[in-house]
Amino acid sequence: MNAPLSSSSQRNSSPASNHSDVNQDQPETGAQQSHPTGARALVLGGGGSTGNAWLIGVIAGLAEAGLDLTQADLIVGTSAGATTAAQITSASPAELLAATLAAPPQHRPGPTGSGGGNGTVRAAADNMERTRAIIAAATDAADMRRRMGAAAIELAAASGDSRQTQWRATVAARLPSQQWPHQRLLIAAVDAGTGEPVVFDRESGIELADAIAASCSSGFAYRIGDRQYIDGGYRRNENADLAAGYQRVLVLSPFGGQTRHPPAWGTQLATQIEELRAGGSRVETIVPERDLTGANAMDLSLRLPAAQTGYNQGIALAAHLARFWR
């Protein structure tokens, strides 16, 4: 069993940085500015297709063991975590897990570039290389977001409207409901034109599928009205700091709290947790027992084992987390 990172282990894993990108360059737009405090917040980080399966598995396992996370006072969703957040607020975790496990098995892809592999995985690997170069060239997190946005706008222009239409249809098909849930849900994204972080909620005046499509758009820029957006993970992969003010914060991080950004940028989960604890929140985390990062995040053949791993973790951790969550 991979126990949640304890207070002591997470506190000592990475010192808080003085260069954190939270609110250091432009004011946060959207819901973050005025969200009320509450008792319990659930944070669902990004992690691609396998991360979504793992998140569903963990939440279903906890529910099976008697711990329901879906009634959190706040849910923060980023990228794959945004999809999961919308799913668990409109369908039962057991139903979602059953659908994930019942999906047709996918063949494991061959090596990238071999010609016999999975196109999705190859595209993910190509995207990793492209974004790695952008990160390496950036001077700080704000500069990185602007560069990512500019590159994504170029990709969107080159691909035309069909890619946007197809992406929205793909995202919408994953959602049991197209309506925003009644409970408070925050969806993180980044404005591709300015690099400014954005947070969508039910008061933002956009449809749920659009908010999630923007939060999950790690390649091309996704258009909503006259603005374009990219993946909320370019702010922070978990965006756990959006739960500031909540008494208890549970973070599920498919990428295990890792970040591709330099530590000085302060985007890593350890720094987010330190910020939450400095504000008086109690924090627990759950991370996968297997690596779901890199091209693995988009490997459809790993969805079933990721969901099973998450489910087993949820069952095993329920008793420990019950004392924290209830």
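Look up a bit, the structure's there.
In short, a report on the structure.

On to the overall build of the protein, then. Each helix and strand in the protein was counted, giving 10 helices and nine strands. Sorting the 326 residues of the protein into buried and exposed places 55% on the buried side. Within the protein, contacts between residues at least 6 apart in sequence are counted, and of these 81% link residues at least 24 apart. Total accessible area computed for the protein in this model is approximately 13,300 Å², and 51% of it derives from carbon and sulfur atoms.

In this structure, Ser79 is a non-glycine residue whose phi angle is positive, near 55°. With respect to the secondary-structure elements, Ser79 resides in the loop between strand 3 (74-78) and helix 3 (80-88). Of note, the phi angle at Asn239 is positive, near 55°, even though the residue is not glycine. Mapped onto the elements of the fold, Asn239 is located in the loop between strand 7 (227-231) and strand 8 (248-252). Take Asn239: its relative accessible area is 0%, and that puts it in the buried class.

Turning our eyes to something else, we now look at the pairing of strand 4 (residues 184-191). Counting buried positions along strand 4 gives seven out of eight residues, so the element sits mostly inside the fold. Looking at chain direction, strand 3 and strand 4 are connected through five bridges and run parallel. Bridging from a neighbouring strand, Thr78 pairs with Ala188 of strand 4. With four bridges connecting them, strand 4 and strand 5 (residues 197-200) associate as antiparallel partners. In the strand pairing of strand 5, Val190 is matched with Pro197. Between strand 4 and strand 5, which follow one another and run antiparallel, lie five residues, and Gly195 among them has a positive phi close to 80°. As defined by bridge partners, strand 4 adjoins strand 7 across three bridges and the pair is classed as antiparallel. Each residue of the ladder has a partner; that of Asp191, found in strand 7, is Tyr229.

Applying the stated criterion across every chain, the model contains nine salt bridges. The shortest N-O distance in the salt bridge between Glu129 and Arg132 comes to 2.4 Å. With Glu129 and Arg132 both in helix 5 (residues 119-137) and three residues apart, this pair spans about one turn of that helix. Notably, a salt bridge pairs Arg236 with Glu275, separated by 2.9 Å at the nearest N-O pair.

A few words now on the packing of aromatic side chains. Within the structure shown, the criterion is met by one aromatic pair. Here the aromatic rings of Phe200 and Tyr229 are separated by 5.3 Å at their centres, their planes lie at 75°, and the arrangement is edge-to-face. Of this pair, Phe200 sits in strand 5 while Tyr229 sits in strand 7, and the two are 29 residues apart along the sequence. One exposure class covers both Phe200 and Tyr229, and it is buried.

So, about the side chain of Ser217. By the element assignment, Ser217 lies in the loop between helix 8 (208-215) and strand 6 (222-224). Here Ser217 falls in the buried class, since its relative accessible area comes to 1%. With near-sequence residues (within four places) excluded, Ser217 lies in contact with Trp167, Tyr222, Tyr229, Ile230 and Asp231.

Here we come to the packing of helix 7 (residues 161-173) against helix 8. Viewed as axis vectors pointing N to C, helix 7 and helix 8 meet at an angle of 110°, and their least axial separation amounts to 9 Å. Taken together, the axes of helix 7 and helix 8 lie roughly perpendicular to each other. The handedness of the crossing between helix 7 and helix 8 is right-handed. Listed contacts from helix 8 to Trp167, Arg168, Val171 and Ala172 of helix 7 are Ala209, Asp210, Ile212 and Ala213. Classifying every residue of the contact of helix 7 with helix 8 gives six nonpolar, no polar and two charged.

Attention now goes to helix 10 (residues 303-325). Under the 1.5 Å per step criterion, the end-to-end length of helix 10 is only 27 Å for 23 residues, more than 12% shorter than the ideal 33 Å. Largest kink in helix 10: about 55°, centred on Ala318.

Parameters and conventions
- Residues numbered from 1 in each chain as written.
- Predicted model: local features only at pLDDT ≥ 70, side-chain atom pairs only at ≥ 80, totals over all residues.
- Heavy atoms only, no water.
- Helix = DSSP H or I, 4+ residues; strand = E, 2+ residues; numbered from the N terminus.
- Buried < 20%, exposed > 50% of the residue type's maximum accessible area, 1.4 Å probe, protein only.
- Contact = heavy atoms within 4.5 Å.
- Areas by Shrake-Rupley, 256 points an atom, 1.4 Å probe, with all protein chains shown as cover.
- Pairing = 2+ DSSP bridges.
- Salt bridge = Lys/Arg side-chain N within 4 Å of Asp/Glu carboxyl O.
- Phe/Tyr/Trp six-rings, centres within 6.5 Å; stacked < 30°, edge-to-face > 60°.
- Axes fitted to C-alpha atoms, helices over the stretch in contact; angles between N-to-C directions.
- Parallel < 35°, antiparallel > 145°, perpendicular 65-115°, else oblique.
- Left-handed = near helix turned anticlockwise from the far one by under 90°.
- Nonpolar A, V, L, I, M, F, W, Y, C, P; charged D, E, K, R; others polar.
- Expected span 1.5 Å × (residues − 1).
- Bend = angle between axes of the 7 residues up to and from the residue.

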